[in-house]
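Here is how the chains run, residue by residue.
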Amino acid sequence: QTHILELRTIPEALPFFITPKAVDENSALLQQLPHWAPCSVTQALEFFTSPYKGHPRVMAYVLRVMETYPPETVTFFMPQLVQSLRYDDGKLVEGYLLGAARRSNIFAHILIWHLQGECEEDDNEKEGAAPK
């Protein structure tokens, strides 16, 4: 237990403890996430992938990390954020995106652009047409 308390200050240690297996087993280690030091945006986005299945504790940690960065910094990762809406059963990502859009016009415009692109892709798939 003492080692975990020390490790929580090292964001680089996170991938060794928060694994797809830990998510599958709903490991007690996931309870440490609210106290873990924020990692980089790129590391946080790894937790948006399907092996983590949108686990609520993992999603909450990722969004807490995103909140530590200005929205303009996060815009580079908009495609991944928009794709993560597919696993956003708890509406956590949606809430983050809307909040960041209220704080930054640039973020809002880029979000709109990406969401429109997603809608066009979905429409093309429904019609059986090739993307433009």
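Because the structure is a prediction, the values reported are computed rather than measured. (Residues numbered from 1 in each chain as written. Predicted model: local features only at pLDDT ≥ 70, side-chain atom pairs only at ≥ 80, totals over all residues. Heavy atoms only, no water.)

Asks: Is there a simple way to think about the overall build of the protein in this case?
Replies: Per the secondary structure count, the protein includes nine helices and zero strands. In sequence order, the secondary structure elements of the protein are arranged as α-α-α-α-α-α-α-α-α. The long-range share in the protein, meaning contacts at least 24 apart out of those at least 6 apart in sequence, stands at 65%. Approximately 8,000 Å² of the protein is accessible, and the part contributed by carbon and sulfur atoms is 57%. (Helix = DSSP H or I, 4+ residues; strand = E, 2+ residues; numbered from the N terminus. Contact = heavy atoms within 4.5 Å. Areas by Shrake-Rupley, 256 points an atom, 1.4 Å probe, with all protein chains shown as cover.)

Asks: Help me understand the pattern of salt bridges in this model?
Replies: Two side chains bearing opposite charge may form a pair once their charged atoms approach each other closely. A complete count under the given rule lists four salt bridges for this structure. Here E67 ties to R103 by a salt bridge, and the two come within 3.4 Å at their closest N and O atoms. In this pair, E67 sits in helix α5 (residues 56-67) while R103 sits in helix α8 (residues 92-103), placing the two residues 36 residues apart along the sequence. Two residues, E118 and R86, come together in a salt bridge whose shortest N-O distance is 2.9 Å. You can see E118 sitting in helix α9 (residues 105-127) and its partner R86 sitting in the loop between α7 (78-84) and α8, a full 32 residues away along the chain. Since its relative accessible area comes to 15%, E118 is described here as buried. (Salt bridge = Lys/Arg side-chain N within 4 Å of Asp/Glu carboxyl O. Buried < 20%, exposed > 50% of the residue type's maximum accessible area, 1.4 Å probe, protein only.)

Asks: What should I look at first to understand the environment of S50 in this one?
Replies: Counting through the fold element by element, S50 comes out in the loop between α4 (41-46) and α5. When the C-alpha atoms of S50 and Y96 are compared, they prove to be 19 Å apart, with 46 residues separating the residues in sequence.

Asks: Honestly, the packing of aromatic side chains in this entry has me stumped. Any pointers?
Replies: Counted by the stated rule, this structure contains four aromatic pairs. Their ring planes at 90 degrees and their centres at 5.2 Å tell us that F76 and F77 sit as a pair that is edge-to-face. Pairing Y96 with F107 gives two aromatic rings, centres 6.2 Å apart and planes at 85 degrees, and the pair type is edge-to-face. Linking Y96 in helix α8 with F107 in helix α9, this pair joins segments that are eleven residues apart in sequence. Relative accessible area serves as the criterion here: at 0%, F107 is assigned to the buried category. (Phe/Tyr/Trp six-rings, centres within 6.5 Å; stacked < 30°, edge-to-face > 60°.)

Asks: Help me understand the side chain of R8, please; the structure alone is not making it clear to me.
Replies: Position of R8 relative to the elements: it lies in the loop between α1 (2-7) and α2 (14-17). Although R8 lies buried, it forms no salt bridge, and the closest oppositely charged side chain, E6, sits 11 Å away as judged by the N-O distance. Polar contacts involving the side chain of R8 include one to the side chain of Q32, which spans 2.8 Å. Every residue in contact with R8, bar those within four places of it in the chain, is listed here: Q32, H35, W36 and A37. (Lys, Arg positive; Asp, Glu negative; His and termini not counted. Polar contact = N/O pair within 3.5 Å; in protein donor to acceptor, adjacent residues only side chain to side chain.)

Asks: Would you take a moment to explain α8 for this structure?
Replies: Each turn of an α-helix holds 3.6 residues, which means side chains three or four residues apart point in the same direction. Along its twelve residues, α8 runs 17 Å from first to last C-alpha, staying within 8% of the 16 Å computed at 1.5 Å per residue. Within α8, the full set of buried residues consists of V93, Y96, L97, G99, A100 and A101. (Expected span 1.5 Å × (residues − 1).)

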